[in-house]
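Next come the chains, spelled out residue by residue.
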Amino acid sequence: MIDAGLSAGCASGNTSASNPLARLLALGRPLVMGVLNVTPDSFSDGGEFFDPARALDQARRMIAEGADILDIGAESTRPYGGAVPVPLEEEIRRLEPVLPAAVKLGAPVSIDTMKPEVAGWALAAGASIINDVWGLQRDRGMARLAAERTVPVIVMHNRESADPSLAIMAEIAKFFARSLEIAEAAGVAHQNIVLDPGIGFGKTPEQSVIAIARLGELKSFGLPLLVGASRKRFIAKVSPAPPDQRLGGSIAAHVMAVANGASIIRTHDVAETVQALRIAAAIRDLQ
Ligand code: HH2
């Protein structure tokens, strides 16, 4: 049986004082992670916050709206939109005027990157969480870095391409088991891991819906679960709308995700998400 880890607030070997995510999770309410893409080409807000001053305004705004964590990325990871790979020097160059200043705003900052070199730079600049959309499986340096720095790491499920014939929950569970083996071999503390089914990554739209509907099955890993459905393509498959008009679908998906066991929600729309989650909790508390 895997221990309950961060979700129960028992961060043995990494006290909540030294682990801001453990401290937040111990609050016992769903956490909201605000997305900040310092990119020209992200799928829903590409270019909007590429300018450092605008990025920092957005960071301040998200914190004022109730974001518990800021997730900062400088390379689009969108799987089906032809994202342009970014060399590591350019990724760091984009982050330099934004990430250290965002850290000073006071909320924990997570670094959304596939490259251990970028994650290492971000941790040195004050980030305190690694968000790896390849679940420690693309570059083994990421697990070594997370172990060395004893920081929480978000392990997201991903595949090069979707396969409609796959039993997606079994595939996600198999992927997580492999990521956990890699993490253990590198010395990453189990309680420092957050699992994320990777909505929209290597999945058909239907498989993304299944991953939210059956999220509860992933609780068997005994680790906190993160869901990022914000503005994603599966919403438009169910109810056609361009990315900037998917707020209703994003909120519905996130409320259901929390009902099914998510502890952290990754969103572009912090104020609306915070409000929705508070109302859902108020109703649930009186059931
Ligand atoms: N989704 C995106 C990026 N990073 N990280 C985690 N852990 N979970 C997610 O679902 C996730 C993620 C894609 O969204 P966005 O950052 O808005 O787009 P882009 O990657 O195009 O910048």
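What counts and what doesn't
- Residues numbered from 1 in each chain as written.
- Predicted model: local features only at pLDDT ≥ 70, side-chain atom pairs only at ≥ 80, totals over all residues.
- Heavy atoms only, no water.
- Near = heavy atom within 4 Å.
- Polar contact = N/O pair within 3.5 Å; in protein donor to acceptor, adjacent residues only side chain to side chain.
- Areas by Shrake-Rupley, 256 points an atom, 1.4 Å probe, with all protein chains shown as cover.
- Helix = DSSP H or I, 4+ residues; strand = E, 2+ residues; numbered from the N terminus.
- Nonpolar A, V, L, I, M, F, W, Y, C, P; charged D, E, K, R; others polar.
- Expected span 1.5 Å × (residues − 1).
- Buried < 20%, exposed > 50% of the residue type's maximum accessible area, 1.4 Å probe, protein only.
- Arc of directions from axis to C-beta.
- Contact = heavy atoms within 4.5 Å.
- Phe/Tyr/Trp six-rings, centres within 6.5 Å; stacked < 30°, edge-to-face > 60°.

1. Some words on the site of the ligand
Okay, step 1: Close to the ligand lie 18 residues; Ser42, Ser76, Thr77, Asp196 and His268 are nearest.
Okay, step 2: Measuring from an oxygen atom of the ligand, one finds a backbone N or O atom of Phe43 at 3.1 Å.
Okay, step 3: Contacts to the ligand include Ser76, whose side-chain N or O atom sits 2.6 Å from an oxygen atom.
Okay, step 4: Look at the ligand: alone it shows 480 Å² of surface, and the protein chains cover 99% of it.
Okay, step 5: Of all the elements in the fold, those that place two or more residues in the shell around the ligand are strand 1 (31–37) and strand 5 (153–156).
Okay, step 6: Residues that form the shell around the ligand fall into these classes: six nonpolar, seven polar and five charged.

2. Details of helix 11 (residues 270–285)
Okay, step 1: The terminal C-alpha atoms of helix 11 lie 22 Å apart, and with 16 residues this matches the ideal 22 Å at 1.5 Å per residue to within 8%.
Okay, step 2: Burial in helix 11 covers these residues: Val270, Thr273, Val274, Ala276, Leu277 and Ala281. The arc enclosing the buried residues of helix 11, seen along the axis, measures out at 165°, which places them on a common side. Of the residues in helix 11, the exposed ones pointing more than 90 degrees away from the buried face are Gln275, Arg278 and Ile283.
Okay, step 3: Against the buried residues of helix 11 lie strand 1, helix 2 (52–64), helix 10 (247–259) and strand 8 (264–267).

3. Looking at the packing of aromatic side chains
Okay, step 1: Under the counting rule described, the total for this entry stands at two aromatic pairs.
Okay, step 2: Relative to Phe176, the ring of Phe175 has its centre 6.4 Å away and its plane inclined at 65°; by these criteria the two rings are edge-to-face.
Okay, step 3: Taking 5.7 Å as the distance between ring centres and 85° as the angle between the ring planes, the aromatic pair formed by Phe176 and Phe221 counts as edge-to-face. Residue Phe176 is located in helix 7 (residues 168–186), and its partner Phe221 is located in the loop between helix 8 (205–213) and strand 7 (226–227); the two are separated by 45 residues in the primary sequence.
Okay, step 4: Taking relative accessible area as the criterion, Phe176 reaches 0% and is therefore assigned buried.
Okay, step 5: Here the aromatic residues Phe175, Phe176 and Phe221 are joined through ring pairs into a cluster of three or more.

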